[in-house]
Amino acid sequence: MAALRQEVAARVRAKADPVPAKRPPIASTLLKLPRLIIDVQFDEDTPIVRPDSYGTLGRIADTLSDPALLGYKFLIVGHTPAGGRRDFNLALSQRRADAVRDILVTTFKISAKRLQAVGLGEEQLLDAAHPNAATNQRIQITTIAAANS
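Residues numbered from 1 in each chain as written. Predicted model: local features only at pLDDT ≥ 70, side-chain atom pairs only at ≥ 80, totals over all residues. Heavy atoms only, no water.

Caption draft 1: Inspection of the overall build of the chain at higher detail. Each helix and strand in the chain was counted, giving 3 helices and 4 strands. Helices (α) and strands (β) of the chain occur, in sequence order from the N terminus, as α-β-α-β-α-β-β. Over its C-alpha trace the chain gives a radius of gyration of 15 Å, about what one expects of a compact globule, namely 15 Å for 149 residues. Taking the principal axes of its C-alpha atoms as reference, the chain extends roughly 45 × 35 × 20 Å. Among the 149 residues that make up the chain, the fraction classed as buried is 42%. Sequence separation of 24 or more characterises 75% of the internal contacts of the chain that already satisfy a separation of 6 or more. In the structure as shown, the chain presents an accessible area of about 7,700 Å², 57% of it carried by carbon and sulfur atoms. Charge separation in the chain, taken as the distance between the mean sites of 20 positive and 15 negative side-chain charges, equals 6 Å. (Helix = DSSP H or I, 4+ residues; strand = E, 2+ residues; numbered from the N terminus. Rg over C-alpha atoms; globule rule 2.2 N^0.38 Å. Buried < 20%, exposed > 50% of the residue type's maximum accessible area, 1.4 Å probe, protein only. Contact = heavy atoms within 4.5 Å. Areas by Shrake-Rupley, 256 points an atom, 1.4 Å probe, with all protein chains shown as cover. Lys, Arg positive; Asp, Glu negative; His and termini not counted. Charge placed at Lys NZ, Arg CZ, Asp CG, Glu CD.)

Caption draft 2: Quick look at the packing of helix α2 (residues 54-64) against helix α3 (residues 86-106). Closest axis-to-axis distance for the α2/α3 pair is 10 Å, and the angle between their directions is 65 degrees. The handedness of the crossing between α2 and α3 is right-handed. Packed against α2, whose contacting residues are Tyr54, Leu57, Ile60, Ala61 and Leu64, the element α3 presents Val100, Ile103 and Leu104 at the interface. Looking at the contact of α2 with α3 residue by residue, the class counts come to 8 nonpolar, no polar and no charged. (Axes fitted to C-alpha atoms, helices over the stretch in contact; angles between N-to-C directions. Left-handed = near helix turned anticlockwise from the far one by under 90°. Nonpolar A, V, L, I, M, F, W, Y, C, P; charged D, E, K, R; others polar.)

Caption draft 3: Examining the nonpolar core more closely. With 20 residues, the main nonpolar core has Val40, Ile76, Val100, Leu104 and Ile139 as its most contacted residues. Elements supplying a minimum of two residues to this core: α2, β2 (72-79), α3, β3 (115-121) and β4 (138-146). No other element matches the 5 residues that α3 contributes to this core. Apart from the residues within four sequence positions on either side, Leu104 is in contact with Leu57, Ile60, Ala61, Leu64, Ile76, Lys109, Ile110 and Leu115. Counting 12 residues, the second-largest nonpolar core is a separate cluster that includes Ile26, Leu30, Leu75 and Leu90. (Core = buried A, V, L, I, M, F, W, Y, C linked by side-chain atoms within 4.5 Å.)

Caption draft 4: Region of interest: the side chain of Ser93. Note that Ser93 resides in helix α3. A distance of 3.3 Å separates a polar side-chain atom of Ser93 from the backbone nitrogen of Leu120. When sequence neighbours within four positions are dropped, the list of residues in contact with Ser93 reads Gly78, His79, Thr80, Gly119, Leu120 and Gly121. (Polar contact = N/O pair within 3.5 Å; in protein donor to acceptor, adjacent residues only side chain to side chain.)

Caption draft 5: Here's a closer look at the side chain of His79. Mapped onto the elements of the fold, His79 is located in strand β2. At 3.0 Å, the side chain of His79 and the side chain of Gln140 are in polar contact. The residues contacting His79, other than those within four sequence positions of it, are Ser93, Leu120, Gly121, Gln124, Asn136, Gln137, Arg138 and Gln140.

Caption draft 6: Quick peek at the sheet that holds β3. Pairing is mixed across the open sheet formed by 4 strands, whose spatial order is β1-β4-β2-β3. Edge positions in the sheet fall to β1 (35-38) and β3, since each of these pairs with one other strand and no more. Strand-to-strand twist of the sheet, defined as the mean angle between neighbouring strand axes without regard to direction, takes the value 25 degrees. Relative to β4, β2 runs antiparallel, the two being bridged by 8 bridges. If you follow Phe74 over to β4, its bridge partner there is Thr143. The strands touched by α2 are β1, β2, β3 and β4; relative to β1, the strand with the most contacts, the crossing angle is about 165 degrees. (Pairing = 2+ DSSP bridges.)

The structure is reproduced here in structure tokens:
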């Protein structure tokens, strides 16, 4: 995770690929892993999860608590649309991924050892043809490993 965070930050600092639609995925391996994209609502430009999203996070927690999934670790990935500054979007996406992880751990009692969080900002758009589209603001949960690895 540290290497991925450094790679994303370096790309943002270098202002590489200034046109969002032309940026290659920063973590293409994440696209090949089983994943769930969830719609979590946040207060604008903050990592504060809106109360109506707690039901969604509760259902995610129920799923993660299923005995069949207790042996797995998950990565929570935050994404933003391409509006605004890339460095702000990167920091915001990390704070939002951290917020979702914290809610799953503190409110829903999912083991912190099973969850990691990373923000990719606008560096891996779901809809690259429409970089400012709301669909690009999302939280993705990906299975990354067996818990004993």
